[in-house]
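Analysis of the macromolecular model
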Amino acid sequence: MSARQKAIGFGALSLTAAGLAKLIGYVNLQYEAPFLVALIAATILLAAMAIGLAVRSRPLRIAVLSLGGVLCLVWTGGMLWAAFAFAPNGTVYSRTSSPDGRYQLLVVEGEGFAAIDPIYAVHVRVDRGPLSQQALVWQGLEEGPVPTTLRFTGPRAVEVITDNGCHYRSTFDALTLRPTPVHRPRTLSGCQR
């Protein structure tokens, strides 16, 4: 196999890894960060290999491969640092399962960037181990209403009822879990859609 054929092969693998990274972002994986970091690191390394094999000059080839390795290490280290430094610190406040047991609605109690009072969010989740999916259905505000009742109103339909009497209904896609609509009230007064 010639160097050119190897370069084309590594280039194709690099594009495949980049495509998989895009696909992972589409399906709302709960633990998508490690998969994305690994796939983007693989994309960087494979692209460096493809370019390094395409270059004929040995010093330039070593420089390209070294630069690719350094970029991969910087990317991976930076993303691991960011994952630990900025990880959401929410805890599951309550959980409701769908009648068939496939889906769960979770109330997550978290903290805002400079918030004192908790901020609540409601997520729909499918548990599949490392390939678990999770998507936001309702996002509250600091000092805002608390979700008190969660229920499935259909096979792919949910309702969130807050302590101030507001009802928020959404449907979600079975494959991606993308809800329609995602409710984000903008003020503390009234029931906004």
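Residues numbered from 1 in each chain as written. Predicted model: local features only at pLDDT ≥ 70, side-chain atom pairs only at ≥ 80, totals over all residues. Heavy atoms only, no water.

1. Description of the sheet that holds strand E7 (residues 167–172)
A sheet is described by the order of its strands in space; here four strands give the open sequence E5-E6-E7-E8, paired in antiparallel fashion. One side of each edge strand has no neighbouring strand; the edge strands of this open sheet are strand E5 (147–154) and strand E8 (179–180). With two bridges joining them, E7 and E8 adopt antiparallel strand pairing. From the neighbouring strand, Thr 171 faces E8, where its bridge partner is Thr 180. (Pairing = 2+ DSSP bridges. Helix = DSSP H or I, 4+ residues; strand = E, 2+ residues; numbered from the N terminus.)

2. Quick word on helix H2 (residues 32–54)
Taking 1.5 Å per residue, 23 residues should reach 33 Å; H2 reaches 33 Å between its end C-alpha atoms and fits that length. By the burial criterion, the buried members of H2 are Val 37, Leu 39, Ala 41, Thr 43, Leu 46, Ala 48, Ala 50 and Gly 52. Packing partners of the buried residues in H2 comprise helix H1 (3–26) and helix H3 (58–85). (Expected span 1.5 Å × (residues − 1). Buried < 20%, exposed > 50% of the residue type's maximum accessible area, 1.4 Å probe, protein only. Contact = heavy atoms within 4.5 Å.)

3. Describing H1
Compared with the 34 Å implied by 1.5 Å per residue over 24 residues, the 35 Å span of H1 between its first and last C-alpha is a close match. Here H1 has its buried residues at Ala 7, Ser 14, Ala 17, Ala 21 and Ile 24. Structurally, H1 contributes buried residues whose contacts are with H2. One or two positions beyond H1, positive phi appears at Asn 28, with a value near 55 degrees.

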